[in-house]
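# Structural characterization, general
So you can see what is in the structure, the chains are spelled out below.
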Amino acid sequence: MEDAGSLLLLPPPARRVLIILALLLLTAGSLARRASSDAVRYDYRAYTECKPHPEPALYNGGILGWASKTTEFRIDDEGNYSPAFVLYNLSAATAYSFSCLGPSHMSSDNFLTLIQVPKKIWDFLTVNRCWVKLEGPASAHVKARILTLENAASQCIGTALVRNDCWSFLKGGFTLNAASQTSVLYFQTVSPDASTISIKSASLQPFSPDQWTQHREDRIQLNRKRFVNIHVSDGNGSRVVGAKVAVHQITRDFPFGSAISRTILGNKAYQDWFNARFNAAVFENELKWYATEPSPGKEDYAAADELLRFVQSNDVMARGHNIFWEDPKYTPRWVKNLTGSQLRAAVAGRIESLLSRYKGDFVHWDVSNEMLHFDFYENRLGGNATAEFFATAKRADPLATLFLNDFNVVEVCDDVSSSADSYVSRLRRLADAGVTFEGIGLEGHFGRPNIPYVRAVLDKLGTLRLPVWLTEIDISSSFDQKTQAAYLEEVLREGFAHPAVDGIMLWTAMDANASCYQMCLTDGNFSNLPAGEVVDRLLGEWQTREVLGATNDRGSFNFSAFLGEYKLSVTYQNLSAEGTFSLARSDDTKHINVRLRVSA
């Protein structure tokens, strides 16, 4: 007779009913306590360091905190044993937040946990967390996965780079495509040498869509807005009651932009459309090495120069993308033929030429693009090549913020090359080589986004206290335009609300044929497509266009406004005052004292 573990992970349709019946028998006689998340706030805490002892479970374990346990039950998945939780009545609308800590070994404490989730939970999202530890290799990636037994579909919902001598923090989350009566949350290591996985302090917390939205709104108020109190007095210093106050936003503080290419040059309709929306830009291809030096010594910066003049003339900040691209497919053909001292001289010349020409012009430089996935330069120049790139770039342009930039960090969970822990590990190795890191670039080329997982990854990367930018956001063209727009809205709302994110760039440059890499915001006449409608709506939400009011009986007028620059006008009878003020991020209320004078 086959063991229950293999049945759970590989459930043939003919056995599915038997599996569910077996699970129900295991829980017979136990009553699940009512789970409520009405008063629970999302916990943004995360850890990137490996600890000798696990921290307590977040949310007191959430819906896992009152689970019954069956010992000596192990799930066999791809040769590795795993603890597991069986969950009932999961909703397609709910965000589930998960976390845990663990070592990579399994002992007699391994268990299958069975949880009867009340049907009231069916409108919730969930976040998952735990501490994890391995037995076997010094380190390996461990994934948390959710398996829905109705269709035997499994998805990765969180990952951690786990060691055998301390506890690592795994944080993730998921939503389901469809409601599931029975699901299994289990753990998997991709290392064939890992014998067991141990977990501690596991938690699984559901959040309703309304709760998830409220978390975002709370963070926007805390991180993207600020309270203002305007105090109005007359020439004698007496409070003025009933003075009319008008506040108008001039500029936005949060950088929100799009990729552009040479097709915007000379195209007034495109330029007007872009300038009406964005305060940041990145050149799609015009700064890449293959574009600026297609053959050795023959440099061509004409297109990049024109694009820079365009953005500077419109007070648009620009990111520099990129100095080196580690993918050999995008390395200049002539560079691929160089080795040793010739290659070293070429890369030194590349940095010197590019950054001396544009010193002070670009706020960021993506120094090494996609190095979590490729290693063209380090493979040829040695393991310190990237550290040398950063050091040389910093000397050449000390005011620019230097970034790594990579894909699949927030987009998917299964790519362990670019997990949050892989990113952090790479940063630490470079720091050990003397690199002072300044920025984290996350490309964000999404399929169907797993928003609770996105938040969990941002939580982890946010612990480094470095600027995090979403640098190339788009949604796959495999979806229709309305679906693209819906997914884009969720990604943008999550990114804008998260406290770790300092800027968002869309990868929506339009080419001469009115097409884009994956997703366009408009058609060729610059009429909005569904994704463009989303962008315009969000830009409207994320700025304080105008605030009108009057001072109260204490001569004050208070309001909350998005960060940025503002024009202020105050009038009372024949008295008036005008001026400007700036709102920068702060927990303190901004107090502005206005003394009215007789109008000219």
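Quick caveat: nothing in here was measured; it's all calculated off a predicted structure.

Our focus in this paragraph is the sheet that holds strand S13 (residues 225-233). Taken together, three strands build an open sheet; the order of strands is S25-S13-S28 and the sheet is mixed. Whereas interior strands pair on both sides, the edge strands pair on one side only; in this sheet they are strand S25 (556-562) and strand S28 (590-595). Pairs of neighbouring strands in the sheet enclose a mean axial angle of 25°, with direction left out of account. The sheet contact formed by S13 and S25 spans seven bridges and is antiparallel. When the sheet's bridge partners are listed, asparagine 229 is paired in S25 with asparagine 558.

With that settled, the discussion passes to the sheet that holds strand S26 (residues 564-572). Strand order across the open sheet formed by five strands is S24-S14-S26-S27-S29, with antiparallel pairing between neighbours. Where the open sheet ends on each side, the last strands, each with one partner, are strand S24 (546-550) and strand S29 (597-598). Relative to strand S27 (residues 575-583), S26 runs antiparallel, the two sharing nine bridges. Opposite valine 570, over in S27, you have alanine 577 as the bridge partner.

Before going further, it helps to examine the side chain of lysine 460. Position of lysine 460 relative to the elements: it lies in helix H12 (residues 451-462). According to the relative accessible area criterion, lysine 460 is buried, its value standing at 4%. Contacts of lysine 460, omitting those with residues within four sequence positions, involve Ala46, Tyr47, Thr48, Thr159, Ala160, Phe169, Ala420 and Asp421.

What follows concerns helix H3 (residues 209-223). In this model, H3 (15 residues) spans 21 Å end to end at C-alpha, consistent with the 21 Å of a helix rising 1.5 Å per residue. Every buried residue belonging to H3 is among Gln211, Trp212, His215, Arg216, Ile220 and Asn223, and all of these are buried.

Looking now at the environment of valine 184. Along the chain, valine 184 falls in strand S11 (residues 180-189). Between the alpha carbons of valine 184 and leucine 149 there is a distance of 7.6 Å; along the sequence they are 35 residues apart.

Take the state of the cysteines next. The full count for this structure, using the stated rule, is three disulfides. A sulfur-sulfur distance of 1.9 Å marks the disulfide that ties cysteine 50 to cysteine 166. One disulfide, between cysteine 50 and cysteine 166, carries an S-S torsion of 105° and so falls in the right-handed class. A residue pair is termed long-range when its members are at least 10 positions apart, and cysteine 50 in the loop between helix H2 (13-27) and strand S1 (68-71) and cysteine 166 in the loop between strand S9 (153-163) and strand S10 (168-174) qualify at 116 residues.

Below, the discussion takes up the nonpolar core. Ranked by internal contacts, the top residues of the largest apolar core, which has 133 residues, are Ile230, Phe256, Trp365, Leu442, Leu488 and Leu492. Leave out the neighbours within four places in its chain, and phenylalanine 256 touches Phe278, Asn279, Ala280, Leu492, Ile504, Leu506, Val535, Leu539 and Trp542.

Time to look at the confidence of the model for the protein chain. When pLDDT is averaged along the protein chain, the result is 87; 85% of the residues meet or exceed 70. Overall, residues 1-37 carries pLDDT values under 50, and its contacts beyond four positions in sequence, including any with other chains, amount to 56 contacts. Confidence drops under pLDDT 50 across residues 68-73; counting only partners more than four residues distant or on other chains, this segment forms 19 contacts.

On to the packing of helix H11 (residues 420-432) against H12, then. The geometry of H11 relative to H12 is characterised by a closest axis approach of 10 Å and an angle of 20° between their N-to-C directions. Between H11 and H12, the angle falls in the class roughly parallel. H11 and H12 meet at a crossing whose hand is right-handed. On H12, the residues touching Ala420, Asp421, Tyr423 and Val424 of H11 are Val457, Lys460 and Leu461. Of the residues that constitute the contact of H11 with H12, the class distribution is five nonpolar, no polar and two charged.

Turning next to the pairing of strand S22 (residues 468-475). Counting buried residues in S22 gives eight out of eight residues, a clear majority hidden from the surface. Taken together, the three bridges between strand S20 (residues 439-442) and S22 define a ladder with parallel strand orientation. Its bridge partner being in S22, glycine 441 is matched across the sheet by tryptophan 469. As paired elements, strand S21 (residues 445-446) and S22 share two bridges and run parallel to each other. Within S22, the position partnered with phenylalanine 446 by the bridge is isoleucine 475.

This part is about the pattern of salt bridges. Under the counting rule described, the total for this entry stands at 23 salt bridges. Aspartate 43 serves as the salt-bridge partner of arginine 45, at 2.7 Å between the closest nitrogen and oxygen. Judged by relative accessible area, arginine 45 falls into the partly exposed class, the value being 46%. Here aspartate 366 ties to arginine 319 by a salt bridge, and the two come within 2.7 Å at their closest N and O atoms. In this pair, aspartate 366 sits in strand S18 (residues 364-369) while arginine 319 sits in strand S17 (residues 317-325), placing the two residues 47 residues apart along the sequence. By relative accessible area, which is 1% here, arginine 319 ends up buried.

Glancing now at the environment of lysine 394. With respect to the helices and strands, lysine 394 occurs in helix H10 (residues 385-396). Its relative accessible area of 23% is what places lysine 394 among the partly exposed residues. Separated by 29 residues in sequence, lysine 394 and tryptophan 365 have C-alpha atoms that sit 9.9 Å apart. In this structure, lysine 394 is in contact with Ala400, Leu402 and Glu438, ignoring residues within four places of it in sequence.

Attention now goes to the pairing of strand S16 (residues 280-283). Of the two faces of S16, the one lined by Ala280 and Val282 and the one lined by Ala281 and Phe283 are each fully buried. One crossover worth recording links strand S15 (residues 256-260) to the parallel S16 by way of helix H4 (residues 268-275), and it is right-handed. As paired elements, S16 and S17 share three bridges and run parallel to each other. Looking at the pairing, valine 282 lines up with arginine 319 of S17.

Calculation rules
- Residues numbered from 1 in each chain as written.
- Predicted model: local features only at pLDDT ≥ 70, side-chain atom pairs only at ≥ 80, totals over all residues.
- Heavy atoms only, no water.
- Pairing = 2+ DSSP bridges.
- Helix = DSSP H or I, 4+ residues; strand = E, 2+ residues; numbered from the N terminus.
- Axes fitted to C-alpha atoms, helices over the stretch in contact; angles between N-to-C directions.
- Buried < 20%, exposed > 50% of the residue type's maximum accessible area, 1.4 Å probe, protein only.
- Contact = heavy atoms within 4.5 Å.
- Expected span 1.5 Å × (residues − 1).
- Disulfide = S-S within 2.5 Å.
- Core = buried A, V, L, I, M, F, W, Y, C linked by side-chain atoms within 4.5 Å.
- pLDDT = per-residue confidence, 0-100.
- Parallel < 35°, antiparallel > 145°, perpendicular 65-115°, else oblique.
- Left-handed = near helix turned anticlockwise from the far one by under 90°.
- Nonpolar A, V, L, I, M, F, W, Y, C, P; charged D, E, K, R; others polar.
- Salt bridge = Lys/Arg side-chain N within 4 Å of Asp/Glu carboxyl O.
- Right-handed = clockwise from strand over helix to strand, strands pointing away.

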